[in-house]
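Structural overview for review
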Amino acid sequence: MKRRSATIAFRCRAEDAGVIAEPVPARTVLPGWLRRLPGVDPERLSATNDGLTVKRCMPFLDALGAGWILPLAATVRLEISDGGRTVNAGWEFDREMVSTHAPFQVAGNPFEPRPPMKFHNHWTIRTAPGWSCLFLPPLNRPNDVVQLFAGLVDTDVYTAPVNLPFIATGADGVHTLPKGTPLVQVVPFRRDTGLTASIGPETDDERDTRRRVHRNTQAGDGWYRRMARARR
């Protein structure tokens, strides 16, 4: 019997459809600098240097493309002052976009004295039974204005919008975050409570396999992509 595919659904209020920025597959919004980067830098290519760039690194690319990007629903301005101690948020949209957390809730965090805040997300995520979602700062996409925090939600049970905590890390001044700015990367995964860990020295077979994989990776460009990467 063919196994049914698991699904993920993003739902908004009816009046928000076609107005707020929609979630998109992360693989469709790769950073501009990466799209412009060649796979091989011809100026570095030589007998002693293969010239390969990160564009040929499948683990890096797969992290960028995992899951979905949940974007900023509408344009927001953050006015940062007093060395980051004060942050005021403003927007023209008719939904609440930003609010604050009480500092005591994250007392001692490494960003102090910058205040904890949260973006309001207007999408509800629903996943198949047994599936959860990991909410992460967009992977390999650094942002010099805000730092989002990671969270894990059982989206097969919690079917309401998940707001997105952050710290404004930008320099003093007014920073405009346009509608559609990537806020978090949502990576669905199947919960598996039966996974156990085995910790200790490798066996002879494990050593031989490790060496073979490492040497194959070195022997020819693209072996990992062709032979050791699961089909996406």
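Note that the coordinates shown come from a computational prediction; the quantities given were computed from them, not determined experimentally. (Residues numbered from 1 in each chain as written. Predicted model: local features only at pLDDT ≥ 70, side-chain atom pairs only at ≥ 80, totals over all residues. Heavy atoms only, no water.)

1. Section: the sheet that holds strand 4 (residues 76-81)
The 3 strands lie next to each other as 5-4-13, forming an open sheet whose pairing is antiparallel. Among the strands making up the open sheet, the edge pair consists of strand 5 (86-90) and strand 13 (173-177). Strand-to-strand twist across the sheet, computed as the mean angle between neighbouring axes with direction ignored, equals 20°. As defined by bridge partners, strand 4 adjoins strand 5 across 5 bridges and the pair is classed as antiparallel. Paired with Ser81 across the bridge in strand 5 is Thr86. (Pairing = 2+ DSSP bridges. Helix = DSSP H or I, 4+ residues; strand = E, 2+ residues; numbered from the N terminus. Axes fitted to C-alpha atoms, helices over the stretch in contact; angles between N-to-C directions.)

2. Thoughts on the pattern of salt bridges
Tallied over the full model, the rule gives 10 salt bridges. Note that Arg191 is salt-bridged to Asp156, the shortest N-O span being 2.8 Å. Placement of the pair is Arg191 in the loop between strand 14 (182-190) and helix 3 (204-219) and Asp156 in the loop between strand 11 (151-153) and strand 12 (164-168), with a sequence separation of 35 residues. A salt bridge links Arg207 to Asp208; the nearest nitrogen and oxygen atoms lie 3.2 Å apart. Judged by relative accessible area, which is 26%, Arg207 ranks as partly exposed. One salt-bridge network, held together by shared partners, links Glu15, Asp16 and Arg95. (Salt bridge = Lys/Arg side-chain N within 4 Å of Asp/Glu carboxyl O. Buried < 20%, exposed > 50% of the residue type's maximum accessible area, 1.4 Å probe, protein only.)

3. Brief notes about the environment of Asp172
Take Asp172: it is sitting in the loop between strand 12 and strand 13. For Asp172 and Glu202, which are 30 residues apart along the polypeptide, the C-alpha to C-alpha distance reads 52 Å. Every residue in contact with Asp172, bar those within four places of it in the chain, is listed here: Ile80, Ser81, Asp82, Gly83 and Gly84. Here the side chain of Asp172 touches Asp82 through a polar contact of 3.2 Å, landing on its backbone nitrogen. A polar atom in the side chain of Asp172 sits 3.0 Å from the backbone nitrogen of Gly83. (Contact = heavy atoms within 4.5 Å. Polar contact = N/O pair within 3.5 Å; in protein donor to acceptor, adjacent residues only side chain to side chain.)

4. Overview of the packing of aromatic side chains
Counted according to the given criterion, the structure contains 4 aromatic pairs. With 6.4 Å between their ring centres and 65° between their planes, Trp33 and Phe60 make a pair best called edge-to-face. Placement of the pair is Trp33 in helix 1 (residues 32-36) and Phe60 in helix 2 (residues 58-65), with a sequence separation of 27 residues. Residue Trp33 is classed as partly exposed on the basis of its relative accessible area of 40%. A relative accessible area of 18% means that Phe60 is categorised as buried. Centre to centre, the rings of Phe119 and Phe166 are 4.0 Å apart; their planes meet at 15°, and the pair counts as stacked. Taken together, the residues Phe119 in strand 7 (residues 116-119) and Phe166 in strand 12 connect sequence positions 47 residues apart. A relative accessible area of 0% means that Phe119 is categorised as buried. Classification of Phe166 by relative accessible area gives buried; the value is 0%. (Phe/Tyr/Trp six-rings, centres within 6.5 Å; stacked < 30°, edge-to-face > 60°.)

5. Some words on the pairing of strand 7
In the case of a regular strand, side chains alternate between the two sheet surfaces. Both strand 6 (residues 98-100) and strand 7 contribute to a ladder of 3 bridges, which runs antiparallel. Bridge pairing links Thr100 to Met117 in strand 7. As paired elements, strand 7 and strand 12 share 4 bridges and run antiparallel to each other. Bridge pairing in strand 12 places Met117 opposite Phe166.

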